Amino acid sequence: MSNALRLFVAVFLCARSVPAQSPAPDGGAKPLVLQKNDGQLRTRRPREGVASPSSDFLLKIGPKSSGSKHLLLFTEEIPPGAVIPKHKHHTEEEILLIQTGGAHVWLGDKEYDAQPGALVFIPAETWISLKNTGTENISLVAIWNEPGFEEMLLCGSVAKGQVGEFISSDGVKNCYHHGDAELETVEPLAERKP
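Residues numbered from 1 in each chain as written. Predicted model: local features only at pLDDT ≥ 70, side-chain atom pairs only at ≥ 80, totals over all residues. Heavy atoms only, no water.

Colleague: Can you lay out the overall build of the protein chain for me, pointing to particular residues and giving the numbers?
Modeller: Counting secondary structure elements, the protein chain contains four helices and twelve strands. Burial status across the protein chain gives 45% buried among its 194 residues. With an accessible surface of roughly 10,200 Å², the protein chain has 55% of that area assigned to carbon and sulfur atoms. (Helix = DSSP H or I, 4+ residues; strand = E, 2+ residues; numbered from the N terminus. Buried < 20%, exposed > 50% of the residue type's maximum accessible area, 1.4 Å probe, protein only. Areas by Shrake-Rupley, 256 points an atom, 1.4 Å probe, with all protein chains shown as cover.)

Spelled out as structure tokens, the structure:
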């Protein structure tokens, strides 16, 4: 983890003003040091109507993955041309840290080009979409202030090595709903031009 990301996570935690808690004796959150490839490697299930950014992601911090009560964090590599579909989180704020690669970002009613090192802040109820417009993978870190979206990630994926069942477009919407999020389905994002 880069020094900038460590600093960001420390500031993010302080800003939440959550009192420090000892690890729960019942298996709750415990201090962790996770190396780059540590975490739960997951594979997205094949789905209708959603162009997934990639098939694999690494779930690092969340209630079910690490016992966190206040954070969710995952990493992934997004190949050139891949799209994160337009969606919004109803109660959670999200930060995307683009470590490598270039992206075109639709955020609310504005569009931006994001270069390596860019940080995208997404307040609750803000539509977000991202497309890798470069020639190399985007190395992405996604962080939420509340861990509810972990339910969507788990609903739409399986542990690496398992074969996931196909998800219909209604099933995809249902997964987003369980993650307190909403997927835009009016216009297929894969057809949009940056």
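Read on for the rest.
Colleague: Hey, could you go over the sheet that holds strand S12 (residues 181-183) for me, with residue numbers and the actual values?
Modeller: As summarised here, the arrangement of the five strands in space is S7-S6-S9-S4-S12, forming an open sheet in which the pairing is antiparallel. Strands at the two margins of the open sheet, each flanked by one partner only, are strand S7 (110-114) and S12. The average undirected angle you get between the axes of adjacent strands in this sheet is 25°. Sheet strands in contact with helix H4 (residues 169-178) are strand S4 (83-89) and S12, and its direction is about 155° off that of S12. (Pairing = 2+ DSSP bridges. Axes fitted to C-alpha atoms, helices over the stretch in contact; angles between N-to-C directions. Contact = heavy atoms within 4.5 Å.)

Colleague: Tell me about the side chain of Ser68, and please be specific about residues and values.
Modeller: The topology assignment puts Ser68 in the loop between helix H2 (63-66) and strand S3 (72-78). One polar contact links the side chain of Ser68 to the main-chain amide nitrogen of His70, over a distance of 3.4 Å. With residues near it in sequence (within four places) discarded, Ser68 still touches Ala29, Ile61, Gly62, Pro63 and Pro147. (Polar contact = N/O pair within 3.5 Å; in protein donor to acceptor, adjacent residues only side chain to side chain.)

Colleague: Any details on the sheet that holds strand S10 (residues 138-144)? Residues and values, ideally.
Modeller: Pairing between the strands of a sheet comes from backbone hydrogen bonds, and it takes one of two forms, parallel or antiparallel. Across the sheet, seven strands lie side by side as S8-S5-S10-S3-S2-S1-S11; this open sheet has antiparallel pairing. For this open sheet the edge positions go to strand S8 (119-122) and strand S11 (157-159), each flanked by a neighbour on one side alone. Strand-to-strand twist of the sheet, defined as the mean angle between neighbouring strand axes without regard to direction, takes the value 25°. With four bridges connecting them, strand S1 (residues 40-44) and strand S2 (residues 56-61) associate as antiparallel partners. Across the sheet, the residue bridging to Gln40 is Leu59, located in S2.

Colleague: Kindly report on the pattern of salt bridges, identifying the contributing residues and their values.
Modeller: Evaluated as defined, the whole model comprises five salt bridges. One salt bridge in this structure joins Glu76 and Arg44, with 3.1 Å as the shortest N-O distance. A residue pair is termed long-range when its members are at least 10 positions apart, and Glu76 in strand S3 and Arg44 in strand S1 qualify at 32 residues. This pair shows no difference in class: Glu76 is buried, exactly as Arg44 is. With a shortest N-O distance of 3.2 Å, Lys88 and Glu125 are connected by a salt bridge. Linking Lys88 in strand S4 with Glu125 in the loop between S8 and strand S9 (128-132), this pair joins segments that are 37 residues apart in sequence. Residue class for Glu125 comes out partly exposed when judged on its relative accessible area of 41%. (Salt bridge = Lys/Arg side-chain N within 4 Å of Asp/Glu carboxyl O.)

Colleague: If you had to explain the packing of aromatic side chains to someone new, which residues and values would you point to?
Modeller: Remark: the centre distance and the inter-plane angle together describe each pair of aromatic rings, the angle taken between the planes. In the structure shown here, the tally under the stated rule is four aromatic pairs. Between Phe74 and Trp144, the ring centres sit 5.6 Å apart and the planes meet at 25°, which makes this aromatic pair stacked. Here the residue Phe74 occupies a position in strand S3, and Trp144 occupies one in strand S10, the gap between them amounting to 70 residues. Ring-pair connections join several aromatic residues into one group, and the members of that group are Phe57, Phe74, Trp144, Phe149 and Tyr176. (Phe/Tyr/Trp six-rings, centres within 6.5 Å; stacked < 30°, edge-to-face > 60°.)

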